[in-house]
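Close look at the chain arrangement
Residue-level listing of the chains:
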Amino acid sequence: MGNPVRKNELIQVNESVSHADEAGEDAGCCYFSVMDVEILEFVVRVENNKTLFVWNIQSLLTEAQIYDRLFGIFSSFGPLYLLKVRPNAPLQPSAFSAIVKFFSASHSSKAQRQTDGRLLFQDVPLKVRLSSKHTPHFLSESRRPLSHAHCLGLANHCLGFNGWTYDIITLEELSDEGEEDGAGGEEGGVRSLRFGCLLQLNFPHHGHTTRGAAVVNDSFTCTGPDVLLLKRCKLQKLVRDKALVQAFNTVLLILLENGKVMVEVKQTSDQILPENIEGVIHVNEFDLDEDEGEDEEWDLTVS
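With that out of the way, let us pick up the overall build of the chain. For the chain, the count of helices and strands is five helices and 12 strands. Expressed as a percentage of the 303 residues in the chain, the buried residues total 38%. For the chain, contacts bridging at least 24 residues in sequence account for 69% of all contacts bridging at least 6. A total accessible area of about 17300 Å² is found for the chain, and carbon and sulfur atoms account for 51% of it.

Sheet architecture is open: four strands sit in the order E4-E5-E3-E6, paired in antiparallel fashion. Edge strands, defined here as strands with exactly one partner in the open sheet, are strand E4 (80-87) and strand E6 (127-130). Between one strand axis and the next, the sheet turns by 15 degrees as a mean value, whatever way the strands run. Here five bridges tie strand E3 (residues 51-57) to strand E5 (residues 96-102), and the two strands are oriented antiparallel to one another. For Phe 53, the partnering residue across the bridge sits in E5 and is Ile 99.

So, on to the confidence of the model for the chain. Here the chain averages 77 in pLDDT, and 69% of its residues register 70 or above. Considering each helix and strand of the chain separately, the mean pLDDT is smallest for strand E1 (residues 10-20), with a value of 41, and largest for helix H1 (residues 63-74), with 94. Here residues 180-185 is modelled with pLDDT under 50, and outside its nearest four sequence neighbours on either side it reaches eight contacts, counting other chains as well.

Let's shift gears to the pattern of salt bridges. Following the criterion strictly, the structure yields six salt bridges and no others. Lys 266 serves as the salt-bridge partner of Glu 41, at 2.8 Å between the closest nitrogen and oxygen. With Glu 41 in strand E2 (residues 26-41) and Lys 266 in the loop between strand E11 (261-265) and strand E12 (284-287), this residue pair connects regions lying 225 residues apart in the sequence. Each of Lys 237, Arg 240 and Asp 241 takes part in one network of salt bridges that share partners.

Using the criterion set out here, one finds six aromatic pairs in the structure. Seen in terms of ring centroids, Tyr 81 and Phe 103 are 5.7 Å apart; in terms of plane orientation they differ by 80 degrees. Their pairing is edge-to-face. Of this pair, Tyr 81 sits in strand E4 while Phe 103 sits in the loop between E5 and helix H2 (105-115), placing them 22 residues apart in sequence. Note on accessibility: Tyr 81 and Phe 103 belong to one class, buried. Cluster of aromatic residues (ring-pair linked, three or more members): Phe 42, Trp 164, Tyr 166 and Phe 248. Residue placement shows Lys 231 over the ring face of Phe 220; its charged tip is 5.3 Å from the ring centre.

Here is what the cut-offs are and how they apply
- Residues numbered from 1 in each chain as written.
- Predicted model: local features only at pLDDT ≥ 70, side-chain atom pairs only at ≥ 80, totals over all residues.
- Heavy atoms only, no water.
- Helix = DSSP H or I, 4+ residues; strand = E, 2+ residues; numbered from the N terminus.
- Buried < 20%, exposed > 50% of the residue type's maximum accessible area, 1.4 Å probe, protein only.
- Contact = heavy atoms within 4.5 Å.
- Areas by Shrake-Rupley, 256 points an atom, 1.4 Å probe, with all protein chains shown as cover.
- Pairing = 2+ DSSP bridges.
- Axes fitted to C-alpha atoms, helices over the stretch in contact; angles between N-to-C directions.
- pLDDT = per-residue confidence, 0-100.
- Salt bridge = Lys/Arg side-chain N within 4 Å of Asp/Glu carboxyl O.
- Phe/Tyr/Trp six-rings, centres within 6.5 Å; stacked < 30°, edge-to-face > 60°.
- Lys NZ or Arg CZ within 6 Å of the ring centre and 35° of its normal.

Here it is as C-alpha cells:
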C-alpha cells in the first residue's frame, strides 16, 4: 500500500493527464483536475462537525411521527449515525427538538444549508444549526468500533445490499468439560460457554477482502436442556456479529465528489500472514454482558 491517508477529513485527489506533442512524443506537461473526497471509517463518530441541532418543531405530530419525518428528510443527504427527538420543557416556544449526526461532515453541511428555514413537514420553518462545540482531544482519538447495526446500515447505504458479502470460515464451540462448574452442566449447575468465529468480508465490485475474528464467553445457571440450547444459539449469533464488526473495522469507505464510493482495506500486522499458517489471527474476546452503549449526551452548542 502507499502512504497512509489521514482519516475523517477532506482530502484532494489530483488526476493527471499527459499530452503528447504533434510528433507523438511526450510534451512533458500535465493537466490536473481536483476532486474532493471524504474517508469514512467504521468507528464511533465523535466529531461535532457532523452534528446538527434541529428546533422549532411544533406539536402537530407525535414524537414517533416527527422521528419518521426527520429521518426521511435527513437520511436523503447521507447515512445517519444518530437521530434523537425529545420534548422540550413546557415553557419553551416549540414542542420538540432533535439532534442529527451524520457519518460525513460534507453530508451534514449540505443538509444544514438545505433544511434551515424551510417548511418541510409543518407550517413553521425549522431551525437547523451545525454544532460548534470543540471536540476534546481525548475523544478525537477514539477508535471504538461501530455496533453491528451501525456497520450494516453504513455499508448498505454506501455500497448497496449487493455491494458486500461475508463467508463464515469457521464458527465453533471452544468450551470444554473443564469449564463446567457445580453439577457438571446438569440441571441447576453453573455452565460456561465459549464460542469463536472467523469470517471473511468480501467487496466483489471493488476486488477487496478482509477478515475478522472474535470470541465470546458466558456463564449461566443451566436449568434444563432448552436453556442450554437457546444460550448456544444466542452466542453463535453474537460471535458472528462481533467477528463481522471486527472485519468492518479494517475497511475505509472513500466518498468521491461525484457520488461514487471506493473501498480500501487497512493493512494491519495480523493480516500480513503467510497463506499456509493456520489458526494465527488477531482475535478480540468479548463477555456477553458487555455494553456497546453508543448513545451520547445532547450537545446543544450551535453555530
